[in-house]
Amino acid sequence: LIATKVRRMKVYAEIVQPEDPLEVYEGASGVILSGSPSLSSLGEDGDCSAGLHDLEIPILGFCFGHQELAKRNGGTVIHGGREWGKATLHLLREHPLFEGVPEASTVWMSHFDSVVAVGPEFEELGYSVSGEEGEEHRFAAIGSDSLRRYGFQYHPEVDDSVFGEQMIANFVYKICGCQGTWTMERYVEQQIEALSRRIGDGSVFLLASGGVDSTVTAKLIAEAIGA
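Please read these numbers as outputs of a predicted model, since none were measured by experiment. (Residues numbered from 1 in each chain as written. Predicted model: local features only at pLDDT ≥ 70, side-chain atom pairs only at ≥ 80, totals over all residues. Heavy atoms only, no water.)

Some points on the sheet that holds strand β4 (residues 104-117)
For step 1, the next point in the chain: Strand order in the open sheet formed by seven strands is β1-β2-β7-β6-β5-β3-β4, and the pairing between neighbours is mixed. Bordering the open sheet on either side are β1 (31-33) and β4, each of which pairs with just one other strand. Here the strands of the sheet are splayed against their neighbours by 30° on average, with no regard to which way each runs.
For step 2, the next point in the chain: Where β1 lies against strand β2 (residues 59-62), three bridges are found, and the strand directions are parallel. For Ile32, the partnering residue across the bridge sits in β2 and is Leu60. (Pairing = 2+ DSSP bridges. Helix = DSSP H or I, 4+ residues; strand = E, 2+ residues; numbered from the N terminus. Axes fitted to C-alpha atoms, helices over the stretch in contact; angles between N-to-C directions.)

In structure tokens:
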């Protein structure tokens, strides 16, 4: 869903796994860390993404990604402060990440862990209020402009976060400096060109099941070899 949102902004996005080698990030303009059912407070799944936190490109974390990012930069994450469902995000100051976003807006929460303190180079950019009693949760949005590291406790990729797509676009365009020039049509052309170079004068033997993946593969290869 996150990648789809970015691609709709005409910016190329790849989905990679936390355990993938750092080489997969070569040429990337930024990284978005997704949420996870794992608990950052208990150190679950934390080692998988250790190396990417040292990359010299902007990183934005959602939910678990937000907690891991805070923890690895001197912050504190506890098992508590559960939020589920809609909450109101209150911004504390103007910031490029929130250009076009009102001071108060609806966001979607789904977490058991919470960030309760941030490192010396970070600041709290926003807090959330949820529940019938209006319970306040600090550090719903954090950031470090010097480190180019940012985190959202909520999920901006879902439609329930009313201005979430705007926040993602601000990260992609304003923080990472991406340009909206990519299209799926051009991507298909590039893949056909790459296949053509790889196959050369050789031949291809393909077993197609008739499913979506193999059918698309067969179509691309046919285009590449002029069949």
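Still more ground to cover, so stick around.
Re the pairing of strand β5 (residues 123-130)
For step 1, the next point in the chain: Along β5, six of the eight residues are buried, which leaves the element largely enclosed by surrounding structure.
For step 2, the next point in the chain: Looking at chain direction, strand β3 (residues 76-91) and β5 are connected through four bridges and run antiparallel. Looking at β5, one finds that Leu89 is bridged to Ser128.
For step 3, the next point in the chain: Where β5 lies against strand β6 (residues 135-144), six bridges are found, and the strand directions are antiparallel. Counted as the bridge partner of Ser128 is His137 from β6.
For step 4, the next point in the chain: Taking the residues between adjacent antiparallel strands as the criterion, β5 and β6 are bridged by four residues, where Gly131 takes a positive phi near 80°. (Buried < 20%, exposed > 50% of the residue type's maximum accessible area, 1.4 Å probe, protein only.)

Notes on the environment of Phe62
For step 1, the next point in the chain: Topologically, Phe62 is positioned in strand β2.
For step 2, the next point in the chain: Counting along the chain gives 91 residues from Phe62 to Gln153, while the straight-line C-alpha distance between them is 5.8 Å.
For step 3, the next point in the chain: Every residue in contact with Phe62, bar those within four places of it in the chain, is listed here: Ile2, Ile32, Leu33, Ser34, Gly35, Phe152, Tyr154, Pro156, Glu157 and Ile168. (Contact = heavy atoms within 4.5 Å.)

A few points about the packing of helix α4 (residues 184-199) against helix α5 (residues 212-225)
For step 1, the next point in the chain: Running from N to C, α4 and α5 point in directions that differ by 65°, and their axes come no closer than 8 Å. Considering only the axes of α4 and α5, their crossing is right-handed. Of the residues in α5, those in contact with Val188, Ile192, Leu195, Ser196 and Ile199 of α4 are Leu220, Ile221, Glu223, Ala224 and Ile225.
For step 2, the next point in the chain: Looking at the contact of α4 with α5 residue by residue, the classes come out as eight nonpolar, one polar and one charged. (Left-handed = near helix turned anticlockwise from the far one by under 90°. Nonpolar A, V, L, I, M, F, W, Y, C, P; charged D, E, K, R; others polar.)

Some words on a nonpolar patch on the surface
For step 1, the next point in the chain: Taken together, Val204, Leu206 and Ile225 make up a surface patch of nonpolar side chains, about 230 Å² in accessible area.
For step 2, the next point in the chain: Note that Leu206 resides in the loop between α4 and α5. (Patch = residues over 30% accessible without salt bridge, like charges linked within 9 Å, V, L, I, M, F, W, Y side chains within 5 Å. Areas by Shrake-Rupley, 256 points an atom, 1.4 Å probe, with all protein chains shown as cover. Salt bridge = Lys/Arg side-chain N within 4 Å of Asp/Glu carboxyl O.)

Some details on the side chain of Gln67
For step 1, the next point in the chain: Summarising the element assignment, Gln67 is placed in helix α2 (residues 64-71).
For step 2, the next point in the chain: Its relative accessible area of 2% is what places Gln67 among the buried residues.
For step 3, the next point in the chain: Ignoring sequence-local partners within four residues, the contact set of Gln67 consists of Ser40, Val77, His111, Asp113, Ser114, Val115 and Gln153.

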